[in-house]
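Tertiary structure, described
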Amino acid sequence: MHESPVDPSTVQHLLGYALAQARVAANRAFFQAIGEPMQLRTVEFSLLMLLMPGEGLSQRQLAQALNLSAPNLTLVVSRLQSRGLLVRERNPTDRRAQAIRLTTEGLSIARQAHAISLEMEAGMRQLYSPAEWALLLELLQRVSPGAQSANEEPARAAQRQATRAPIGHQRNNINGI
C-alpha cells in the first residue's frame, strides 16, 4: 500500500489539535531547558513560581491556582518537600491550616528555573510581535479552567438573581402584598 501524505487541514481548525501541537513544542522546550537539567515537572515548576514571591500559600490556594485535586497537590508538595525545596508551616493567622513556603534552596532553584524559562520563551517570542504575544497569552488564559470558572460564577449569580426576582414577586402577589 502506498502511503500518501496526511492532510492536516482536516484537524487544523480544531482547538484541541492546535493546543496539543503547541503543548508538544512547549513541553519539548521545557524538558530540555528545565525539566531534565533541574529534575522538575511542569506542575512542580508552576508551584515553585507561585511560591516564589515568598508569601506562604495554603494547599487550597495552590490546588485552585494549579487546577489540581487536593490528593494530587499533596503528592506534588510531598515530592518537593522531600527534595528540600519547600516546607509546610502552621499558618500564623489560622492554626488549623498550613502555609507552604520555599526553603532557601527552593527559592534559589525557583529563581534559576524562572530565569531559564524566560530565556526559553525568548525563542518562542521571536515568532510573534509583542502585541501578538500578549494576545496569545490572553486568549490562552481565557480557555483555562480558572478563567472559565471565574466567568461562569458571575453568570450563575446573575441567573440566580433573575430566578429569585420572579419567585419573590409571585410570592408577594400570592400573599396580596
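Going by the structure above, here's the rest.
Quick summary incoming for the structure in this document. (Residues numbered from 1 in each chain as written. Predicted model: local features only at pLDDT ≥ 70, side-chain atom pairs only at ≥ 80, totals over all residues. Heavy atoms only, no water.)

1. Quick look at the overall build of the chain
Check the secondary structure of the chain and you find seven helices and two strands. The buried share of the chain, reckoned over its 177 residues, is 20%. For the chain, restricting intrachain contacts to residue pairs at least 6 apart in sequence, the fraction spanning at least 24 positions comes to 47%. Per element, the accessible surface of the chain, about 12600 Å² overall, is 56% carbon and sulfur. (Helix = DSSP H or I, 4+ residues; strand = E, 2+ residues; numbered from the N terminus. Buried < 20%, exposed > 50% of the residue type's maximum accessible area, 1.4 Å probe, protein only. Contact = heavy atoms within 4.5 Å. Areas by Shrake-Rupley, 256 points an atom, 1.4 Å probe, with all protein chains shown as cover.)

2. So, the pattern of salt bridges
Under the criterion given, the structure shown has three salt bridges. The partner of Glu89 in a salt bridge is Arg101, and the shortest N-O contact between them spans 2.7 Å. Of this pair, Glu89 sits in strand β1 (residues 86–90) while Arg101 is found in strand β2 (residues 98–102), placing the two residues 12 residues apart along the sequence. Glu89 sits in the partly exposed class, given a relative accessible area of 34%. The class of Arg101 is partly exposed, set by a relative accessible area of 26%. With a shortest N-O distance of 2.6 Å, Glu138 and Arg142 are connected by a salt bridge. Remark: Arg142 and Glu138 occur in helix α6 (residues 130–143); sequence separation between them is four residues, near one turn of the helix. Residue classification places Arg142 among the partly exposed residues on the basis of a relative accessible area of 49%. (Salt bridge = Lys/Arg side-chain N within 4 Å of Asp/Glu carboxyl O.)

3. Quick look at the packing of helix α1 (residues 15–38) against helix α5 (residues 104–125)
The geometry of α1 relative to α5 is characterised by a closest axis approach of 10 Å and an angle of 150° between their N-to-C directions. Our classification of the angle between α1 and α5 gives roughly antiparallel. Considering only the axes of α1 and α5, their crossing is right-handed. Note on element contacts: α5 touches α1 through Ile109, Gln112, Ala113, Ile116, Ser117, Met120 and Met124, opposite Ala26, Ala29, Phe30, Ala33, Ile34 and Met38. Taken together, the residues of the contact of α1 with α5 sort by class into 11 nonpolar, two polar and no charged. (Axes fitted to C-alpha atoms, helices over the stretch in contact; angles between N-to-C directions. Parallel < 35°, antiparallel > 145°, perpendicular 65-115°, else oblique. Left-handed = near helix turned anticlockwise from the far one by under 90°. Nonpolar A, V, L, I, M, F, W, Y, C, P; charged D, E, K, R; others polar.)

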